[in-house]
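The primary structure of each chain is shown beneath.
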Amino acid sequence: MSQIQTRFAYGAGDSENALIPLEVFNAKSETVYRDSVRMGSAVLKRDFDPGTYLVRATLPSGEVLSKTVEVKADRSVEVLLRPRRQSPRENLGWAYYLQSSVTRPLELMVDRQLPQVRFWQHNTSGWTEMILRPDSKRLGNSTYVNFDASLGDTQPGVRLLVELQSHGDWRRWELGQFWVQVEAEGFSRMMAVPPAPTIGILVVDAEPHPKDSATFRIVAASGDPTTQALLGYLSSGDFESARNVGTDWYKHVQETLKSKIDDPGMAAIAGYLLLEVGDAGQLDDWTRTLARGTPWLPDGPIIRAAQLLAGPDPEPKDVADWMLEAVRRGLPMFTQGLRLLYDGLGNLKDYFAANPEPEWADRAKSVAEQVEFLRPYCASAIWQSPFTCFSATHPEDPQLAGTSVRPVPSIRSRAVGSAPAKLWEDVNGSLNALSEALNTFNWGECNRICDGLIAYVGASKDPFPEKPARQILNMLRRKRRFNRMRTVAEALLRHGQRSPQIRRQLGQALIELKEYPGAEEVLTGILNDSSLTSYAGEAAEATGLLGRVYKQRYCEAEKPSKEDLLRAIKLYFDVYHTNPEGYLWHGINTVALLARARKDHVAVAGYPSLEDIAQSIDSFLNRMEVLWYWDRATAVENAVALHNWQGAYDHLLYYAADSTVDAFECGSLLRQLVQVWQLSMQENPGRFLLPTLQGALLAREGGRIILNQDEVRQVSGRSEEATRDFDKRFGTERYQPLRWYKTALARCRAGVRVKSAKGEVLGSGCLVRASDFFPQRSAEEILLLTSDSVWQPGSRLDRVELEAAGEKYSVTGEVWSVTEVGVTLTALGSLPGVEICPVGPPAAPFDRSKLQRLCVIDSAGDSVQLQECAWVDASGDVLRYRAPFDRPAPGTPVFDPNYWSLIGITRRSSEATSEATSIEAITRATASAKP
Amino acid sequence: MSLVFGPEIPDDKPQTHALVIGVGDYPHLLGGKLCKPSNETFGLRRLDSPPLSAIEFANWLRKLTNKRAPVGTIDVLLSPGEFRDPAGGVSDVETASMGNIRRAFKRWSDRAGTNPDNIAIFYFCGHGFEKGVTILLPADFADPDEANIGINMIDLEKSWLCNLKECSARTQVYLIDACRETPVDLLKENFSPTALISSKKLQEPRRNAPILFAANSGTKAHAAAGQVSYFTRALLDCFSKLGAAGQNNGVWEITTDSLGAAMRYRMAAMKVEGLPPFSCDVFNKSSLGKATVLHTMAGPAYAVAEIDCAPSEALSLASFSIQDSNGSHFQRSPLAEVWSVEVPAGSYDIRASFGGRYKDALCSGQLVHPPVTPCTLDAIP
């Protein structure tokens, strides 16, 4: 008997490991062998009778390779499979053999441009441009980028090769979805690239198309060769090959997927494969793990939803929740996902329209909204691309594929110039204006709009409509404007809008303002309202808030009254036990307070044990298809109750990664963990949970953290220790707000408090490396950078006190006042071991069309205050921002929140805005100064 | 009814049911037989090719052979509504207006849904474009009496998805011979195209339901004036010659998968001077776990032998010949491009001579299998 061995004619690097379908036909054209084999070489798994055979393989590029061979008795024969076009480099095998990327050069194009490439990340805070560090060609912490435009010299049609190599654990930098943007000849395209240790991106000429089509295409390689090959077959519609390869491949990966999903990209392709060409019945519960376990990947929920849709009697609620969860995460990484998502949402929309049920009304509305949201992305999608690709100059502004770029419309073009009360004649316009004022921390404008509302409702004959009233109060609550919330709610109630929700919102505002008697009165009033029968849910909410009044009293009192505790437990439990699955937050508060009672030795009788309630809650949570962020918050506390630290941290990561969680909610969970559970930084699980939650809070719009210098040291140390311990326990591959926060704390340690010799606080400043400003000075030398409004040369410097990270420093070195940009730099000599504020990578340039954020660290007070701010303007050397709470002191350093790189030094702050000198301007000025 | 073929096979036997639509005359577009001209034509004009293409395809469908699902019905809608059968007989069929197409689609869906093993084939040739979804235009598109322009636009994806849910036929093939560009003027319009069928169901059952498009997203489909379109021509080639997956008990079978593969190859290989390269975009759904046989060929399958040399510089000197065991013989003079020659699937001797510059080359007993088999001859100096 004889064997056939195949060998690929050219070196193809890793791509040789890709599985490709191979068929053998006999002289009668009958298929005698069909299997998937490694592209590089393979021995076919059967013996062949002597005779003539045609050996044929189909590459994912679409190219068919074949060879006729004569098999003789008891002899092996080798078949050389030779593609028509050879890859110029082995490591580009993916582009030439695994994708249909390199076709023919664009002969019509006269002036081919070298493409401009930008990188983007989509995560909890939306779209962020990733800035390439010019000195190191580094993206993020450990990913190196190499651009190679030389390929085009020898390979017609190839314009640019971009290679990304991640050192260390590549999963560390996948803090969300990674996108590449390519611009040339007036066209701009965005393409998703799932993270992998090595990624190749090739920009090639597009096939000549009508003149209004883009002149280039982007192709990318990410993931192991077989998944790339499968994606190639799926996206080209070669389902026969996909099925041939995928059936074998899935058998191999199935067990891996069931145990642990290490490579979410591979898992997503397995999901799409089975949904599209395989047996969707083979998709078992690992899709749920994928959907839940990879919160940055929108494709996971899409696959889960499609699996439910393909099964018998899909539950509309579950399908809708997964689909909506997918959109909430962002755009799918794979084109298959975009199609399934759009069609699936359309399917749901029609289903809800045809089967109207009151309980689905909210979902139906959301589904319809998301169809509209996705429509322009689908209209601009490049459907032939395996990875999601669309035409856009900015990821939030998809444009029709094939059209050239156009300016991004300003989203801040809405002017609010009307008289305050008159403004509210246009309710929607006013809501938008209020939203913008709140998002940019424009409290003056916010107050003006709210005053207008109060005047408007006072002058109206009819009560203000309930829906916008609720929206307004929600918006104010999310930005923690509790005083305003209170005055607006009171005005609404005074003038006839007395719905239970408005009253409850007033109760909540009063609790936040610690006006407990007032809150109690309002909430009791709701519960005593006989007309509340149609608002059963509202009664439960009001009861819960009343429970919170007593909980807060107990936790905040110097001498707590056990009556308050018992009353709080009763209020929460009374609601919980009427419908345990429906009132989980009442249940978890019962658990927390029972735990507190146990700790404080307060006897509590007549309730199940806290462990029993926690176990019930755990089983309810496990049964849920989708855990929303409020369920995650419950799950964090519940895991703490059950001493399941890993579970608590896992749920907290999801919570922190959820962009819909706002600063108010982060703050509430933090307060609960500290005040009720009494977790501390010193011991588990507080040493993981608290810094992570603080980091999540700071990352939210309007987030603020206040720490004294001791806490900075302690938290910083704890955070570092916790990070190390976390890595040891849980691995390094997951989303890590803890690491981001650790960097923030390092910057806090480089913050400087500047005081006069008499102890008067002059302002703030920060430690920087001298060589960042004066290239000829030593990299060891440290400078203090502050505003010249804090001090200038000529002051009695030796009598000024500097404090950084609790250490005092004396000024003995040189001082430079760079008057043209209003800063002072002071040499402090070599200070081994101190933290400094790096000046790179630079932040993305200010763009008026976006709501860009920045962070400040003000060290001037007794405490260090970190605030997340809105960047509202930039002109010349000055950038302007608004802080959500206290006005930063002069000299306060301003940071890009992505990398915590220093981007400015605050000059002055007014009621409305703060003004900072940009670091770019300072380095430009110091470059020409004589140090 | 516009049934042009209906041999009345009992309903309990699996059958193939086809709905064929060709829209050439658009009364409200430029060049149309104007009943009421539209002010907004979006630059679209009357077309010559679609009725011809649809008639050609419908007439070929009569020859479709499939023991597992023989042809049950062929329903044809045209604009203009004149059908010519293979014998030259002329008959009126329903005009391909939106209302008629909707009703015909429902009838076709109902017929095909009578047995899960039925095969449903939908063919459309006419104007189309794309705006997030593929939109096909019936004859009464841009009717100025219709205020909502989307009423007379067909939402292909939604029609497809709803029919997968409503029609029990597990195999449904959609052949779309239409452009997929997005005219900029049309973008300014806010509209929702209309599905040909609606569904109250949520479950998406398993189906083999490929959609074969005549153009990639954002590009045009083409036809020569007064001729069958390039896509339909390729489709007929694949059904009658090139589309076989392989032999089963001595019979060549064309399946849902092999038709797509052959169409992708055939369209990409077509070259027409002055026109950009063609492509067939295959949007596939194939969740039955294996391909469905659509047609079995009465005679031999054909395949394209792509004959090349290594090094490729030798091509311009190569005289090629290909010969089967019966002595059938084709040859080509030197030309600086690969020789693609269509031959019955089988065994061939392929020769190249290079005018003395390289040694003559022979590839003996080369097996050629559909749709394409490359063969590279080594040119040795």
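As shown above, the structure is provided for reference.
Residues numbered from 1 in each chain as written. Chains lettered and ligands numbered in written order. Predicted model: local features only at pLDDT ≥ 70, side-chain atom pairs only at ≥ 80, totals over all residues. Heavy atoms only, no water.

(A) Quick look at the overall build of chain B. Tallying secondary structure elements over chain B gives 6 helices and 23 strands in all. A buried classification covers 59% of the 381 residues belonging to chain B. Counting contacts in chain B only where the partners sit at least 6 residues apart, residues at least 24 apart contribute 73% of the total. Of the roughly 14700 Å² that chain B leaves accessible, carbon and sulfur atoms contribute 48%. (Helix = DSSP H or I, 4+ residues; strand = E, 2+ residues; numbered from the N terminus. Buried < 20%, exposed > 50% of the residue type's maximum accessible area, 1.4 Å probe, protein only. Contact = heavy atoms within 4.5 Å. Areas by Shrake-Rupley, 256 points an atom, 1.4 Å probe, with all protein chains shown as cover.)

(B) A look at the interface of chain A and chain B. On the chain B side, the residues contacting the 54 residues of chain A number 53 residues. Summing both sides of the interface, chain A and chain B together bury roughly 4600 Å²; the carbon and sulfur share of this comes to 50%. One salt bridge in this structure joins R82 of chain A and D378 of chain B, with 3.1 Å as the shortest N-O distance. In this assembly, chain A and chain B are joined by 22 residue pairs in polar contact (both at pLDDT 80 or more). Broken down by secondary-structure element, the contributors of at least two residues to the side of chain A that touches chain B are β2 (19–26), β5 (51–58), β6 (64–71), α4 (239–259), α5 (264–276), α7 (299–310), α9 (335–354) and α10 (361–379) of chain A. Counting residues per element, the side of chain A that touches chain B draws most heavily on α9 of chain A, which supplies 8 residues. Here the side of chain A that touches chain B is composed, by residue class, of 26 nonpolar, 14 polar and 14 charged. (Buried area = accessible area lost by both parts, 1.4 Å probe. Salt bridge = Lys/Arg side-chain N within 4 Å of Asp/Glu carboxyl O. Polar contact = N/O pair within 3.5 Å; in protein donor to acceptor, adjacent residues only side chain to side chain. Nonpolar A, V, L, I, M, F, W, Y, C, P; charged D, E, K, R; others polar.)

(C) Region of interest: the sheet that holds strand β16 (residues 293–296) of chain B. Residue and element names in this part refer to chain B. Strands sit in the order β13-β14-β16 across an open sheet of 3 strands; the sheet is antiparallel. The outermost strands of the open sheet, each flanked by one partner alone, are β13 (246–248) and β16. Each strand of the sheet is rotated relative to its neighbour by a mean of 50°, with strand direction disregarded. This element, helix α6 (residues 256–269), spans β14 (251–255) and β16 of the sheet and lies at about 80° to β14. (Pairing = 2+ DSSP bridges. Axes fitted to C-alpha atoms, helices over the stretch in contact; angles between N-to-C directions.)

(D) Spotlight on empty space enclosed by the protein. Under the counting rule described, the total for this entry stands at 10 cavities of 30 Å³ or more. The calculated volume of the largest cavity comes to roughly 400 Å³. In terms of lining, the largest cavity is formed by 28 residues, of which the most central are E276, Q336 and R339 of chain A together with F283 and N284 of chain B. Within the residue set of the lining of the largest cavity, elements represented by two or more residues are α3 (225–236), α7 and α9 of chain A together with α3 (156–166) and β15 (281–283) of chain B. For the lining of the largest cavity, the element with the most residues is α9 of chain A, which contributes 6 residues. Considered class by class, the residues forming the lining of the largest cavity number 12 nonpolar, 8 polar and 8 charged. (1 Å grid on protein atoms, 1.4 Å probe; cavity = no way out; pocket = protein on both sides within 12 Å on 5 of 7 lines; lining within 4 Å. Points joined across faces, edges and corners; volume = space filled by probe spheres on them.)

(E) Examining helix α5 (residues 230–242) of chain B more closely. Residues and elements named next belong to chain B. For α5, with 13 residues, the first-to-last C-alpha span of 15 Å runs short of the 18 Å given by 1.5 Å per residue. In terms of burial, α5 is largely enclosed, as 10 of its 13 residues are buried. When we look at burial in α5, the residues that qualify are Y230, F231, T232, A234, L235, L236, D237, C238, F239 and L242. (Expected span 1.5 Å × (residues − 1).)

(F) Local environment of the nonpolar core. The biggest cluster of nonpolar side chains holds 182 residues, and the ones touching the most others in it are F119 of chain A together with F122 and F141 of chain B. A total of 9 residues in this core trace back to one element, the largest contributor, which is α5 of chain A. With sequence-adjacent residues up to four places away left out, F122 of chain B is seen in contact with L19, I21, F105, W108, L136, V173, Y174, L175, I176 and L196 of chain B. Grouped together as the second largest cluster of nonpolar side chains are 151 residues, C450, F482, L492 and I617 of chain A included. (Core = buried A, V, L, I, M, F, W, Y, C linked by side-chain atoms within 4.5 Å.)

(G) Representation of the sheet that holds β5 of chain A within the structure. Residues and elements named next belong to chain A. The 4 strands are arranged β3-β2-β5-β6 in an open sheet whose pairing can be described as antiparallel. The sheet terminates laterally at β3 (31–38) and β6, the two strands that pair on one side only. Taking the axes of each pair of neighbouring strands and ignoring which way they run, one obtains an average angle of 20° across the sheet. Note: β5 against β6, 8 bridges, orientation antiparallel.

(H) Focus on the pairing of strand β16 (residues 216–222) of chain A. Residues and elements named next belong to chain A. Among the 7 residues of β16, 6 are classified as buried, and the element is accordingly described as predominantly covered. Summarising the sheet, strand β15 (residues 198–205) and β16 pair through 7 bridges and their orientation is antiparallel. The residue bridging I199 from the neighbouring strand is S222, located in β16.

(I) Expanded view of the pattern of salt bridges. Residues and elements named next belong to chain A. All told, the structure shown has 62 salt bridges over all chains when counted by the stated rule. Across the pair D600 and R596 runs a salt bridge, and its minimum N-O distance is 2.8 Å. What makes D600 partly exposed here is its relative accessible area of 28%. Among the residues examined, R596 registers a relative accessible area of 7% and is labelled buried. Residues joined in a network through salt bridges with shared partners are D873, R880, R907, R908 and E915.

(J) Structural context of the packing of helix α23 (residues 645–657) of chain A against helix α25 (residues 686–699) of chain A. Residue and element names in this part refer to chain A. Relative orientation of the contacting elements α23 and α25 amounts to 0°, with a least axis distance of 10 Å. Considering their axes alone, α23 and α25 lie roughly parallel with respect to each other. On α25, the residues that touch A648, Y649, L652, Y655 and A656 of α23 are F688, L689, T692, L693 and A696. Counted by class, the contact of α23 with α25 contains 9 nonpolar, 1 polar and no charged residues. (Parallel < 35°, antiparallel > 145°, perpendicular 65-115°, else oblique.)

(K) Region of interest: the packing of helix α12 (residues 427–439) of chain A against helix α14 (residues 466–478) of chain A. All names here are of chain A. Following both chains from N to C, one finds α12 and α14 inclined at 5°, their axes separated by 10 Å at the closest point. With respect to α14, the axis of α12 lies roughly parallel. In this structure, α12 uses V427, L431, L434, S435 and L438 to contact α14, whose residues at the interface are P468, Q471, I472, M475 and L476. In terms of residue class, the contact of α12 with α14 is built from 8 nonpolar, 2 polar and no charged.

(L) Structural detail: the environment of A491 of chain A. Residues and elements named next belong to chain A. Relative to the elements of secondary structure, A491 occurs in helix α15 (residues 482–494). Here the alpha-carbon distance between A491 and A455, two residues 36 residues apart in the chain, equals 8.9 Å. Contact partners of A491, with chain neighbours within four places excluded, come to I454 and V457.

(M) The arrangement of the side chain of S918 of chain A in detail. Residues and elements named next belong to chain A. Tracing the chain through its elements places S918 in strand β31 (residues 914–918). A relative accessible area of 13% places S918 in the buried class. The contact partners of S918, leaving out residues within four places of it in the chain, are D877, L879, I903 and G904.

(N) Just the packing of aromatic side chains, in detail. Evaluation of the coordinates by the stated rule reveals 41 aromatic pairs over all chains. Taking the centre distance of 5.8 Å and the plane angle of 50° together, the rings of F334 of chain A and F387 of chain A count as tilted. Residue F334 of chain A is located in the loop between α8 (316–329) and α9, and its partner F387 of chain A is located in the loop between α10 and β17 (389–391); the two are separated by 53 residues in the primary sequence. Residue classification places F334 of chain A among the buried positions, given a relative accessible area of 1%. Seen in terms of ring centroids, F57 of chain B and Y123 of chain B are 4.7 Å apart; in terms of plane orientation they differ by 20°. Their pairing is stacked. One end of the pair, F57 of chain B, is in helix α1 (residues 49–61); the other, Y123 of chain B, is in strand β7 (residues 119–125), with 66 residues separating them in the sequence. Since its relative accessible area comes to 0%, F57 of chain B is described here as buried. Taking relative accessible area as the criterion, Y123 of chain B reaches 0% and is therefore assigned buried. Three or more aromatic residues joined by ring pairs make a cluster, and in this case those are W179, F373, Y377 and F390 of chain A. Across from the ring centre of Y654 of chain A, 3.8 Å away, lies the NZ or CZ of R632 of chain A, which sits over that ring. (Phe/Tyr/Trp six-rings, centres within 6.5 Å; stacked < 30°, edge-to-face > 60°. Lys NZ or Arg CZ within 6 Å of the ring centre and 35° of its normal.)

Honestly, that's just the spatial picture; any functional story needs more than this.
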